[in-house]
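# Examining the three-dimensional arrangement
Below, each chain spelled out in residue letters.
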Amino acid sequence: MYLEIVSPEATLFSSEVDSVAVPGVNGEFQMLDNHAPIVAILKEGVIKIHTHTQSHLEFDALHSEVIPHKDDDKLLTVKINSGTLEMKDNKAIILAD
């Protein structure tokens, strides 16, 4: 599935991923490839992105909020204050604050 995380300042993340776990207002939930369409409100917490590999990803000043996990080279995290998520046609877009 394709994941894009956008903040008011910039696009924080944009790539193919294996799965993503998000902090929904009713609890954390995970989406895998070909998940059913969904719109959800997100609360303060951490977005956990599971990638197949990080070798194609670039980590620069613009993407400083995307943190590679120190113990798992396939896990990235992004802290958010709130946001909304839309999953449709195997593409997830997160508008994050």
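Before reading further, recall that the structure is shown in the block above.
## Some points on the side chain of S19
Along the chain, S19 falls in strand β3 (residues 19–24). Classification of S19 by relative accessible area gives buried; the value is 5%. Among the polar contacts listed, one links the side chain of S19 to the side chain of Q30, at a separation of 3.0 Å. Each residue touching S19, except ones within four places of it in the same chain, is listed here: M1, Q30, M31, L32, K48, I49 and H50.

## Considerations on the pattern of salt bridges
Scanning the entire structure with this criterion turns up two salt bridges. For K91, the salt bridge goes to E4, with nearest N and O atoms at 3.6 Å. Here E4 lies in strand β1 (residues 2–6) and K91 lies in strand β10 (residues 91–96), a separation of 87 residues in the sequence. On the basis of relative accessible area, K91 is assigned to the partly exposed category, the value being 32%. Looking at E4, the relative accessible area reads 19%, which means it is buried. As a salt-bridge pair, E28 and K48 come within 3.5 Å of each other at their nearest N and O atoms. With a gap of 20 residues between them, E28 in strand β4 (residues 27–32) and K48 in strand β6 (residues 45–50) connect regions that are remote in the sequence. Given the relative accessible area of 31%, K48 is considered partly exposed.

Basis of the calculations
Residues numbered from 1 in each chain as written. Predicted model: local features only at pLDDT ≥ 70, side-chain atom pairs only at ≥ 80, totals over all residues. Heavy atoms only, no water. Helix = DSSP H or I, 4+ residues; strand = E, 2+ residues; numbered from the N terminus. Buried < 20%, exposed > 50% of the residue type's maximum accessible area, 1.4 Å probe, protein only. Polar contact = N/O pair within 3.5 Å; in protein donor to acceptor, adjacent residues only side chain to side chain. Contact = heavy atoms within 4.5 Å. Salt bridge = Lys/Arg side-chain N within 4 Å of Asp/Glu carboxyl O.

Just distances and angles here, no functional claims.
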